[in-house]
Amino acid sequence: MISTRGLTAFRVTAALCHSLPNLRARISYAGRALVHVLDPGPEEQLPDVGRVLSPCAFRCAVAQAYTRHQSGEKLGFLDLPAGTDPEIHIGTPTGGTARPGGIYRVPFRQWWLWGFATTVDPEVAFELGADLVMDAELGHVRALGIRPDAGLGVSLAFAETVAVPGSRDESVLVELLEALLARWTVHELMSAVDGSTSSTDSGEVGKW
């Protein structure tokens, strides 16, 4: 049976891979690859070991599992022993980067797309982050907001920027994203302690 924590990791991974172009994930156990989540290029060779799922197919599978979990069903993952959670590794495309806490940057058209996922209710997350966004001196940011995924119960915090990697403008944006992540993580922990629950609506909550 996969743990609630393990399923949450799947939900976050599914949201990230589905939302950030060319982000990919490898799910493994004891060093053995079980599932690869990727959208391969036309000339890319597929992995020899493990199943290959597109980000869309993986998201659908995890969303279905989450629905079953909410109804009280106990879930396993492939043939893993009961009580075992697989390991998840997320990889970035060329030009991308991964930062501590699960914040990712990927190239997107003529700019850069940053994102990370949270299980905090999107409206609550929006309000919790409003003052941080207002105080940040952002430059070269095209869009900044929260995009909920009701099927996964996860929201993606995203930013589109033309700031050059390594520049001061990018550093300011990264500091903001890290501050948002820290604040929402504290809220998640407090919500877990007091037993409160939240819901995630579909559609985009808004842009700061």
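Our subject is the structure listed above.
Residues numbered from 1 in each chain as written. Predicted model: local features only at pLDDT ≥ 70, side-chain atom pairs only at ≥ 80, totals over all residues. Heavy atoms only, no water.

Colleague: Sorry if this is basic, but what is going on with helix α2 (residues 55-70) here?
Modeller: Each turn of an α-helix holds 3.6 residues, which means side chains three or four residues apart point in the same direction. Taking 1.5 Å of rise per residue, the 16 residues of α2 would be expected to cover 22 Å, and the 22 Å separating its terminal C-alpha atoms lies within 8% of that figure. Considered for burial, the residues of α2 that qualify are Pro 55, Phe 58, Arg 59, Val 62, Ala 63, Ala 65 and Tyr 66. Projected down its long axis, α2 carries its buried residues within an arc of 165°, all on one side. Buried residues belonging to α2 abut α1 (4-19), β1 (24-29), β2 (32-37), β3 (51-53) and β8 (141-149). Phi turns positive, to about 100°, at Gly 72, one or two residues after α2. (Helix = DSSP H or I, 4+ residues; strand = E, 2+ residues; numbered from the N terminus. Expected span 1.5 Å × (residues − 1). Buried < 20%, exposed > 50% of the residue type's maximum accessible area, 1.4 Å probe, protein only. Arc of directions from axis to C-beta. Contact = heavy atoms within 4.5 Å.)

Colleague: What is the right way to look at the packing of aromatic side chains in this model?
Modeller: For any pair of aromatic rings, geometry is given as the distance between the ring centres together with the angle between the planes. This model, assessed by the stated rule, comprises 4 aromatic pairs. Geometrically, the ring pair formed by Phe 10 and Phe 58 is tilted, given 6.1 Å between the ring centres and 40° between the ring planes. Placement of Phe 10 in helix α1 and of Phe 58 in helix α2 is noted, with a sequence separation of 48 residues between them. According to the relative accessible area criterion, Phe 58 is buried, its value standing at 4%. (Phe/Tyr/Trp six-rings, centres within 6.5 Å; stacked < 30°, edge-to-face > 60°.)

Colleague: Looking at this model, I keep getting lost on the nonpolar core. Mind explaining?
Modeller: The nonpolar side chains of a soluble globular protein tend to be buried with one another. Membership of the largest hydrophobic core comes to 32 residues, with the highest contact counts inside it found for Phe 10, Leu 16, Leu 20, Leu 23, Phe 58, Phe 77 and Leu 152. Every element with two or more residues in this core is listed here: α1, β1, β2, α2, β6 (103-108), β7 (111-118) and β9 (154-161). A total of 6 residues in this core trace back to one element, the largest contributor, which is α1. Apart from residues no more than four positions distant in its own chain, Leu 20 is found in contact with Tyr 104, Val 106, Leu 113 and Gly 115. (Core = buried A, V, L, I, M, F, W, Y, C linked by side-chain atoms within 4.5 Å.)

Colleague: Before we go on, may I ask you to explain the pairing of β6 in this structure?
Modeller: The side chains of a regular strand alternate, first on one face of the sheet and then on the other. Pairing analysis gives 3 bridges linking strand β5 (residues 97-99) to β6, with the strands arranged antiparallel. Residue Arg 99 lies in a different strand from β6, and its bridge partner there is Ile 103. Here β5 folds back onto β6, and the loop between the two strands holds 3 residues, one of which, Gly 101, carries a positive phi near 90°. Two strands pair when backbone bridges link them, and β6 and β7 are joined in this way by 5 bridges, in the antiparallel orientation. Within the sheet, the bridge partner assigned to Tyr 104 lies in β7 and is Gly 115. Connecting the antiparallel pair β6 and β7 is a turn made up of 2 residues, with Arg 109 showing a positive phi of about 55°. (Pairing = 2+ DSSP bridges.)

Colleague: Looking at this structure, how should I read unusual backbone geometry?
Modeller: Leaving glycine out, the prevailing phi sign among residues is negative, and the prevailing peptide bond configuration is trans. Positive phi, normally seen in glycine, also occurs at Asn 22, with a value near 70°. Counting through the fold element by element, Asn 22 comes out in the loop between α1 and β1.

Colleague: How should the sheet that holds strand β4 (residues 87-91) be read in this particular structure?
Modeller: Paired through their backbone hydrogen bonds, the strands of a sheet run either parallel or antiparallel. Overall, mixed pairing links the 4 strands, which are arranged β3-β2-β1-β4 in an open sheet. Here the strands that pair on one side only, and so sit at the sheet edges, are β3 and β4. Sheet twist, expressed as the mean angle between neighbouring strand axes with direction ignored, is 20°. In the sheet, β1 pairs with β2 via 5 bridges, with the strands oriented antiparallel. From the neighbouring strand, Ile 27 faces β2, where its bridge partner is Val 35. This element, α1, spans β1, β2 and β4 of the sheet and lies at about 20° to β4. The strands that α2 touches are β1, β2 and β3; relative to β3, the one it contacts most, it runs at about 95°. (Axes fitted to C-alpha atoms, helices over the stretch in contact; angles between N-to-C directions.)

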